[in-house]
Amino acid sequence: MLSVAGISFGPLLAGFALNTILYGALVTSVLVYFSSFKSDDTWIRLLVSTLLLLCTANVILEYVFLNDTLIIHFGDQNALSRANWVFSLPPGITGIISTLVQLFFAWRIRILTSSFWLVGIIVFLAGVAFFCGIGTTIAINMVPVFAQFHRFEVVFVIGLVSSTLDNLLITGLLVRSLREHKTGFLDTDHIIKRIIRVILQTGLLTTIWALVDLAVYIVLTDGRHLVFNESLAQFYTISLMSTLITRPRDHPYTDFTVVNGDRNRQRDTQTPLEYRDVGRRNSELVFDAVSLKKFDTGHGATDTQK
């Protein structure tokens, strides 16, 4: 028979390890965003900053709880059987993050479809997930014993179900709307296809992850769902960041040497003057660094047509 630590903290420790890895990927995507999309509206940049801060707090809180329980109070059976206010905060943070991400996608769907009732459904489901996340945080403080968490499992399940349904709805609406906005121009349609692919990959991955979390929570009662639940906040944020950084960049591409900028300056000096900063926003040729060969081909074709 598993000990209390094996039931509660084994999955929690594995979930924390996965969450930390995903946090590294998130920081990288945020770095790419802020270095390549400097003309985005202020509120979008504030949203990205807020999500990064919330995800950072999520990782720190998980570490503090594990350190306090497994190291500082090593061997204390009472500490192993009870949660505290630190453990209670991540569910609320996850609820806030999922709501912010889904409201952002609701705004995009509003622009693409001009449908108020579809956006209303998305906002309603996001609101349910938000209040259930906050409710879970409050319930953990009221019932801190792990063995009694079943007393408020309805709140947790409703929040997870509403968030999952919202993800499915958002993914389907975005894919359908983007397909309807194809123009027939090769470059623009290439961009739309890539955005659709990213939405399907990240949106469905987040949905599947939430579904697995829900299924494991319902079927098993030994806390194994924590492996999936601890990293949900990162999946939501990464899904948003993936759609943001997939767009055509409005600033010369900067790779991981953006801190010192040496490679970028060297690249600029090797690029002919007539090809530097020429209509990157309007051309919409690619999402990553544009090779000079590809640019030359498109530039030459334009000159021929003229």
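Rules behind the numbers
- Residues numbered from 1 in each chain as written.
- Predicted model: local features only at pLDDT ≥ 70, side-chain atom pairs only at ≥ 80, totals over all residues.
- Heavy atoms only, no water.
- Helix = DSSP H or I, 4+ residues; strand = E, 2+ residues; numbered from the N terminus.
- Buried < 20%, exposed > 50% of the residue type's maximum accessible area, 1.4 Å probe, protein only.
- Contact = heavy atoms within 4.5 Å.
- Areas by Shrake-Rupley, 256 points an atom, 1.4 Å probe, with all protein chains shown as cover.
- Core = buried A, V, L, I, M, F, W, Y, C linked by side-chain atoms within 4.5 Å.
- Axes fitted to C-alpha atoms, helices over the stretch in contact; angles between N-to-C directions.
- Parallel < 35°, antiparallel > 145°, perpendicular 65-115°, else oblique.
- Left-handed = near helix turned anticlockwise from the far one by under 90°.
- Nonpolar A, V, L, I, M, F, W, Y, C, P; charged D, E, K, R; others polar.
- pLDDT = per-residue confidence, 0-100.
- Patch = residues over 30% accessible without salt bridge, like charges linked within 9 Å, V, L, I, M, F, W, Y side chains within 5 Å.
- Salt bridge = Lys/Arg side-chain N within 4 Å of Asp/Glu carboxyl O.
- Phe/Tyr/Trp six-rings, centres within 6.5 Å; stacked < 30°, edge-to-face > 60°.

Enquirer: Provide a residue-level description of the overall build of the protein chain, including the pertinent values.
Expert: Looking only at helices and strands, one finds twelve helices and zero strands in the protein chain. Along the protein chain, from the amino end to the carboxyl end, the secondary structure elements read α-α-α-α-α-α-α-α-α-α-α-α. Considering the protein chain as a whole, with its 306 residues, one finds that 45% of them fall into the buried category. The contacts of the protein chain with a sequence gap of at least 6 include a subset with a gap of at least 24, amounting to 76%. As displayed, the protein chain offers around 15,900 Å² of accessible surface, 66% of which is attributable to carbon and sulfur atoms.

Enquirer: Tell me what's going on with the nonpolar core, and back it up with residues and numbers.
Expert: Judged by nonpolar contacts, the single largest core of 58 residues is most densely connected at Phe-87, Ile-97, Leu-240, Met-241 and Leu-244. Of all the secondary-structure elements, those providing two or more residues to this core are helix H1 (4-36), helix H2 (42-72), helix H4 (85-113), helix H5 (116-142), helix H6 (153-180), helix H7 (186-219), helix H8 (226-229) and helix H9 (232-245). Ignoring anything within four residues of it in the chain, the contact list for Leu-244 reads Tyr-33, Phe-37, Ile-44, Val-48 and Phe-104.

Enquirer: Give a description of the packing of H2 against H4 that names residues and reports values.
Expert: Remark: H2 packs on H4, axes separated minimally by 9 Å, with the N-to-C direction vectors making an angle of 160°. Considered as vectors, H2 and H4 are oriented roughly antiparallel to each other. Note on packing geometry: the crossing formed by H2 with H4 is left-handed. By residue class, the composition of the contact of H2 with H4 is 21 nonpolar, two polar and one charged.

Enquirer: Outline the side chain of Asp-166, listing residues and values.
Expert: Among the structural elements, Asp-166 can be located in helix H6. Here Asp-166 is in contact with Gln-102, Ile-122, Leu-125 and Ala-126, once residues within four sequence places are set aside.

Enquirer: So, the environment of Ile-140: which residues are in play, and what are the values?
Expert: Among the structural elements, Ile-140 can be located in helix H5. Given a relative accessible area of 4%, Ile-140 falls into the buried group. Separated by 55 residues in the primary sequence, Ile-140 and Trp-85 place their C-alpha atoms 7.9 Å from one another. In contact with Ile-140, not counting residues within four places along its chain, are Ala-83, Phe-87, Ser-88, Pro-91, Phe-149 and Phe-152.

Enquirer: If you had to explain the packing of H2 against H9 to someone new, which residues and values would you point to?
Expert: Where H2 contacts H9, the two axes come as close as 10 Å, and the packing angle between them is 155°. With respect to each other, H2 and H9 are oriented roughly antiparallel. In terms of crossing hand, the pair formed by H2 and H9 is left-handed. Between H2, through Ile-44, Leu-47, Val-48, Leu-51, Cys-55, Asn-58 and Val-59, and H9, the contact on the second element is made entirely by Ala-233, Gln-234, Thr-237, Leu-240, Met-241 and Leu-244. Taken together, the residues of the contact of H2 with H9 sort by class into ten nonpolar, three polar and no charged.

Enquirer: Report on the confidence of the model for the protein chain, specifying residues and quantitative values.
Expert: Within the protein chain, residue pLDDT values average 76, and 69% of them lie at 70 or more. Confidence drops under a pLDDT of 50 for residues 253-306, and excluding neighbours within four residues, the segment shows 58 contacts in the predicted structure.

Enquirer: With reference to specific residues and values, describe a nonpolar patch on the surface.
Expert: Taken together, the side chains of Val-161, Leu-165, Leu-168, Leu-204 and Ile-208 present a nonpolar region at the surface, about 390 Å² in accessible area. Sorting elements by how many residues they give to the nonpolar patch places H6 first, with three residues.

Enquirer: Any details on the packing of aromatic side chains? Residues and values, ideally.
Expert: Think of a pair of aromatic rings as described by two things: how far the centres are apart, and how the planes are tilted against each other in angle. Counting across every chain of the model gives 16 aromatic pairs. Summarising the aromatic geometry, the rings of Phe-146 and Phe-149 are spaced 5.3 Å apart at their centres and angled 70° between planes, so their arrangement reads as edge-to-face. Residue class for Phe-149 comes out buried when judged on its relative accessible area of 16%. Both rings, one in Phe-156 and one in Tyr-217, keep their centres 4.8 Å apart while their planes meet at 55°; by these two values the pair is tilted.

Enquirer: Now, about the environment of Ala-233: what can you tell me, with residues and values included?
Expert: Positionally, Ala-233 belongs in helix H9. Put simply, Ala-233 and Leu-22 are 211 residues apart on the chain and 9.7 Å apart in space, counted from C-alpha to C-alpha. Residues in contact with Ala-233, not counting those within four places in the same chain, are Cys-55, Asn-58, Thr-94 and Ile-97.

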